[in-house]
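Report on the structure
Chain by chain, the residues:
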Amino acid sequence: MIIRILKGSTQDDADSGEEETIEVEAIDLSRTTAYEEVTKPPLTMPAVKLLAKNVGPIEPFDPGEPDSYYARNVGVTDWRDGIGPPMDIPHYIGLRVVLESILDKYGESDFLVKIG
Amino acid sequence: MTKSDLLTLHEFRSRHKACFMPGTWVIEYHDRTHLPNDTFVSLGIMEIQECTPEGEAFFWFRPRSRKSLEDGSKEKQDALSLEEIWKSEEAQKGKKKKEKESQSQEEIVKAAKQLRQRAARLIHDQLAESLIRLGMLKPVFEIQSPESLDEQRFATIILDTNTLRDGTLRHLKEQFPHLQLWAIIPIVSLMEIGERVANMTSQARSDWKSAAVSLLRVRPQATIIPQEVQWIKENYPTETLELAPELLRAFRGYEQGKGDTREPDRVSINDRLILEGIKDLCRQRGISKGVYLASGDKDMSRLASLEGIRTIYPCRPVLNDYPDGIFSARYSLKTGSYFYCSIHSLLWDLAHVFSKVRARCLDGGQEGDRLDVFYYYPTKLVKAWIDDKMEVTAFGPGSIA
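In this report, the structure presented in the accompanying data block is examined. (Residues numbered from 1 in each chain as written. Chains lettered and ligands numbered in written order. Predicted model: local features only at pLDDT ≥ 70, side-chain atom pairs only at ≥ 80, totals over all residues. Heavy atoms only, no water.)

Focus on helix α4 (residues 105-133) of chain B
Heads up, the condition is: In DSSP terms, a helix is any run of H or I states spanning at least four residues, a strand is any run of E spanning at least two, and both are numbered starting from the N terminus. The span one expects for a helix is its residue count, reduced by one, times 1.5 Å.
Spanning 29 residues, α4 of chain B covers 42 Å between terminal C-alpha atoms, matching the ideal 42 Å at 1.5 Å per step. Looking one or two residues past α4 of chain B, glycine 135 of chain B carries a phi angle of roughly 80 degrees, positive in sign.

Some points on the interface of chain B and chain A
Selection rule: In what follows, a contact means two residues having at least one pair of non-hydrogen atoms within 4.5 Å. What gets called buried area is simply the loss in accessible area from a 1.4 Å probe that two parts show on being joined, summed for both. In the sections that follow, a salt bridge refers to a side-chain nitrogen of Lys or Arg positioned within 4 Å of a carboxyl oxygen of Asp or Glu. In the analysis that follows, any N or O atom pair within 3.5 Å is treated as a polar contact, provided that within protein one partner can donate a hydrogen and the other can accept it, and provided that, for residues neighboring in sequence, both atoms belong to side chains.
Taken together, the contact between chain B and chain A spans 34 residues of the former and 32 residues of the latter. In total, chain B and chain A occlude about 2800 Å² of area from one another, counting both sides; carbon and sulfur atoms represent 59% of this. Three residues, Tyr331, Leu333 and Tyr338 of chain B, lead the burial of chain B against chain A; their summed loss comes to 29% of the area buried on that side. For the pair chain B and chain A, the number of links is three salt bridges. Across the salt bridge formed by lysine 138 of chain B and aspartate 104 of chain A, the nearest N and O atoms sit 3.4 Å from each other. One can count eight residue pairs in polar contact (both at pLDDT 80 or more) joining chain B with chain A. Considering every element that reaches the side of chain B that touches chain A, the biggest residue donor is helix α12 (residues 343-354) of chain B, with four residues.

Observations concerning unusual backbone geometry
Peptide bonds are trans in most cases, and residues, glycine excluded, mostly fall at negative phi. Of note, the phi angle at aspartate 38 of chain B is positive, near 55 degrees, even though the residue is not glycine. Its place among the elements puts aspartate 38 of chain B in the loop between β2 (23-30) and β3 (41-51).

What to know about the environment of threonine 238 of chain B
Residues and elements named next belong to chain B. Just so we agree on the cut-off: Burial classes follow relative accessibility: with a 1.4 Å probe on protein chains only, a residue under 20% of its type's maximum area counts as buried, one over 50% as exposed, and anything between as partly exposed.
Following the sequence through the fold, threonine 238 ends up in strand β8 (residues 238-241). Threonine 238 sits in the partly exposed class, given a relative accessible area of 24%. Sequence-distant contacts of threonine 238, defined by excluding residues within four places in its chain, comprise Ala183, Ile185, Ile232 and Lys233. Looking at threonine 238, its side chain comes within polar contact range of the main-chain oxygen of isoleucine 232, at 3.4 Å. Only 2.7 Å separates the side chain of threonine 238 from the backbone oxygen of tyrosine 236, close enough to count as a polar contact.

Describing the side chain of arginine 310 of chain B
Residue and element names in this part refer to chain B. Mapping arginine 310 onto the fold places it in strand β10 (residues 310-315). The class for arginine 310 is buried, based on a relative accessible area of 12%. Side chain to side chain, arginine 310 and glutamate 147 meet in a polar contact 2.6 Å long. Here arginine 310 is in contact with Gln144, Ser145, Pro146, Glu147, Ser288, Lys289, Gly290, Val291, Tyr292 and Leu293, once residues within four sequence places are set aside.

Some details on the packing of aromatic side chains
Stated precisely, the cut-off is as follows: Each pair of aromatic rings taken from Phe, Tyr and Trp, with Trp reduced to its six-membered ring, is defined by centres within 6.5 Å and is described as stacked if the planes are under 30 degrees apart, edge-to-face if over 60, and tilted in the remaining cases.
All chains considered together, the criterion is met by 13 aromatic pairs over all chains. Taking 4.8 Å as the distance between ring centres and 65 degrees as the angle between the ring planes, the aromatic pair formed by tyrosine 106 of chain A and phenylalanine 111 of chain A counts as edge-to-face. On the basis of relative accessibility, which here comes to 15%, the residue phenylalanine 111 of chain A falls in the buried class. Judged by centre distance (5.5 Å) and plane angle (70 degrees), the rings of tyrosine 375 of chain B and tryptophan 385 of chain B are edge-to-face. Taken as a pair, tyrosine 375 of chain B in the loop between β15 (370-374) and α13 (382-386) and tryptophan 385 of chain B in helix α13 lie far apart in primary sequence, ten residues in all. Here tyrosine 375 of chain B falls in the buried class, since its relative accessible area comes to 3%.

In structure tokens:
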């Protein structure tokens, strides 16, 4: 999944260039309820905030069905130990924490976010 | 069913892997220095969302509000407030004081309220610090330097006592992953740890009293910093910032002054010793660029900056900025990777600060399940201190690892 942070607060401004491109492995948008919305034109920061809050699994989450619902074997660092075995992160949790880190960095400014 | 073990964090994680089921859990603490026997104070609620097949859980931690800690307002019925817990002691103390010093009832009530407010603030501060140490929250670095850290390849970081407490080096590495770090730990900070341990041990021997809540502020210095120093030594080239013997004589400890003699400039003298040590280091090695003092003390950072020392000040986030709670996983845009804090690490760190920590399940069909992590268990031997072992006790039907 690729997320583009676009300069400017309107679609026209956004065409002027990208600020940052983030490539996130192992998140499958089709497995989150955000799917419909995120394929539309770039999101404003308030919309990203709303999305980060509400993003969830597309069907009731079933840990017993890992192949259907998990981002498998994602490298995760345990803050305390510094090492971490690959973990299975639910897609929607993966997407949510990525969106939160974008908000953390760009939330106060006029930027658009395109997810796809 | 009850089961007790003496475990390291690693053993705790592997033996009690799948014991935290999705649902609502309350995190409580007991500290014998300032709480009566068997009294637990709630620190917050943990909502466990999902467990991976390996038994790792993603959770939200919602710290209890300061107001609720202080007087129990707007809180679940089973969460005791400091007001309720200390009521009997306050009444007793009030009676004695009134007899001795003819203090008015209003003054006694006011003093008790001030202590509760201070205690609630202290507990909140310690929680925030703990979440920073665990990487669930991250500080914003204010860097005073002519050149940007982004342009540097190497940095020598002198860590003062505060930054050793909150794991600043780990956050620096995350936010500046390209930097090769060289860590320097001031001898003054190490001397402070020794002082703290001695001071705390003597205070911990007496019966509980509400005023001893202030020990929570100093405890991480004795419990967390030695582990942090060990971790730094294992992961980064590390040296100690030595001082000339004549300067070391100026070091001030934490002893209480007797009578009218106060301990006036303890903090500023010790800060001055660190600053002089940095200047000496730069002079001896002929360097200035790339040497940074990382200090969580605003005044010290400002003073150092005035004297031409480059500084890094980690600005701490405030818990009130997170009304929905703090999530256990984070994504770093800088490193492009996920960071995760396990429930085990959270309980472990809190036990370092709050002595005994309990996680108790409130729903999810696991009613009655609970797990205690105890730092100061009675038979703790030297090896257990070095290995950072704690007593882990699991209760209830789901307690078997």
